[in-house]
Amino acid sequence: MLRAYIDDSVSNTGDRRLVLAALIQREATWAAFEVDWQRALAEPPAIAYFKMAEAQNRRDQFKGFSEKERNRKVHALANIVARHAPWGFHASVSTTDYRELVEPTAPFPMRTPYFLLFYAIAFGVARMHEALSISEPCDFIFDQLSGLDKKTLPMLNDMIATSGGSWGSQISGSVRFADDKDEVAIQASDLLAWLIRREGDGPLPPGCDGLMDKLVIYGVNRFTDVDREWLVRISAGFSEIPGADSVDKQGWREIIPIWEGGHAKALNDAVIAAGLYPPED
């Protein structure tokens, strides 16, 4: 069984781009990774968990660290990622464009760009695995503090189970949310998401040289960046789904208990018909 651990990073400048990054490996490799990661966290100066935003700003877990100590700790953790060699996929979208173009026509909870990027991650990983001739099922574990509404979990799992398209046979496994302190591989995905997002804002800060090379397997990793033109298509697609924009938060919560009865396939079919799957890489 494969596991994809996913975390996010969002920019507060420019088009306020949201990045979701996934790191993928087999369960046995992740188990060994956790032992090495916990050991590196405990190396002096010790930290209880890792978040790149805290490291960069030397606050919370990194409060009192010198720049040299901070850089040494971050690179030590990145070296562990490189040692266990997970492959990766990331997806991004401008939250500014999404709120302008998609929110007005989308049903809840698709008014959040996180939902679109869930699609992009799931189907992007499926296409990547198809290209790599990987047929093992893959579980998707999201940070519990991500922007996805956890009450949509039955729907997300049913969307995985009822997916079609040319990559349908590659979509398998399940979706769940986890605390990054319990599933430490999410902390590694946090580092990758931060680097990708920060690189989009401009040159990486001092001390970050070489980090991306330790987290990315060039020629294997894939990505989907959803552009404005595609968001226009998504908005038009939602407009063709009767009553989509009238489904509010309360109405959606009332639908959730009956979702597992096959309702996900109906919405999936509508989404497919509207052309809302992520573009090809």
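Please refer to the structure placed before this passage.
The residue numbers shown here count from 1 along each chain, following its written sequence. Selection of residues for local features in this predicted model requires a pLDDT of at least 70, selection of side-chain atom pairs for listing and counting requires 80 or more, and totals for whole chains, interfaces and linings are taken over all residues. Each side-chain value is derived from all of the structure's non-hydrogen atoms; neither hydrogens nor water enter the calculation.

Asker: What exactly am I supposed to notice about the environment of Ser-189 here?
Answerer: The topology assignment puts Ser-189 in helix α7 (residues 185-201). Sequence-wise, Ser-189 and Asp-143 are 46 residues apart; in three dimensions their C-alpha atoms are separated by 9.4 Å. Excluding residues within four positions of it along the chain, Ser-189 makes contact with Tyr-5, Ile-6, Asp-7, Ala-21, Ala-22 and Leu-23. Where helices and strands are cited, they refer to DSSP runs of H or I of at least four residues and of E of at least two residues respectively, numbered from the N terminus. Whether two residues are in contact is decided by their heavy atoms: any pair within 4.5 Å suffices.

Asker: I'm lost on the sheet that holds strand β2 (residues 17-26) in this one. Help?
Answerer: Sheets are built from strands that pair by backbone hydrogen bonding, the pairs being arranged parallel or antiparallel. Spatially, the six strands line up as an open sheet ordered β5-β4-β1-β2-β3-β6, and their pairing is mixed. Only two strands of the sheet have a single partner each, and these edge strands are β5 (175-178) and β6 (222-226). When strand polarity is set aside, the average angle formed by the axes of neighbouring strands in this sheet is 20°. In this analysis, strands are considered paired if DSSP registers two or more bridges between them. Relative to strand β4 (residues 138-143), strand β1 (residues 2-10) is paired through five bridges, and the arrangement is parallel. Paired with Tyr-5 across the strands is Ile-141, a residue of β4. For helices, the fitted line uses only the C-alpha atoms of the stretch in contact; every axis is such a line through C-alpha atoms, and the angle between N-to-C directions lies from 0 to 180 degrees.

Asker: How do you make sense of helix α3 (residues 67-84) when you look at a structure like this?
Answerer: Count 3.6 residues to each turn of an α-helix, and residues three or four apart come out pointing the same way. Take the number of residues in a helix, subtract one, and multiply by 1.5 Å to get its expected span. In a regular helix each residue adds 1.5 Å, so 18 residues correspond to 26 Å; α3 covers 26 Å between its end C-alpha atoms and thus fits that length. Turning to α3, its buried residues are Arg-70, Lys-73, Val-74, His-75, Leu-77, Ala-78, Ile-80, Val-81 and His-84. On its buried face, α3 sits against β2, α1 (27-42), α2 (52-57), α7 and α8 (211-215). Relative accessibility thresholds used throughout: buried, under 20% of the residue-type maximum; exposed, over 50%; partly exposed, between the two (1.4 Å probe, protein chains only).

Asker: Sorry if this is basic, but what is going on with the side chain of Glu-183 here?
Answerer: Topologically, Glu-183 is positioned in the loop between β5 and α7. Residues adjacent in sequence count toward polar contacts only when both atoms are side-chain atoms; beyond that, a polar contact is any pair of N or O atoms within 3.5 Å, and within protein one must be able to donate a hydrogen and the other to accept it. Here the side chain of Glu-183 touches Tyr-5 through a polar contact of 2.9 Å, side chain to side chain. Apart from residues lying up to four places away in sequence, Glu-183 is in contact with Arg-3, Tyr-5, Arg-176 and Ala-178.

Asker: Could you clarify how one ought to interpret α7 in this entry?
Answerer: If you check α7, its first and last C-alpha atoms are 25 Å apart, about what 17 residues at 1.5 Å a residue would give, namely 24 Å. Judged by how many residues are buried, α7 sits mostly within the fold: 13 of 17 residues are covered. Phi turns positive, to about 150°, at Gly-202, one or two residues after α7.

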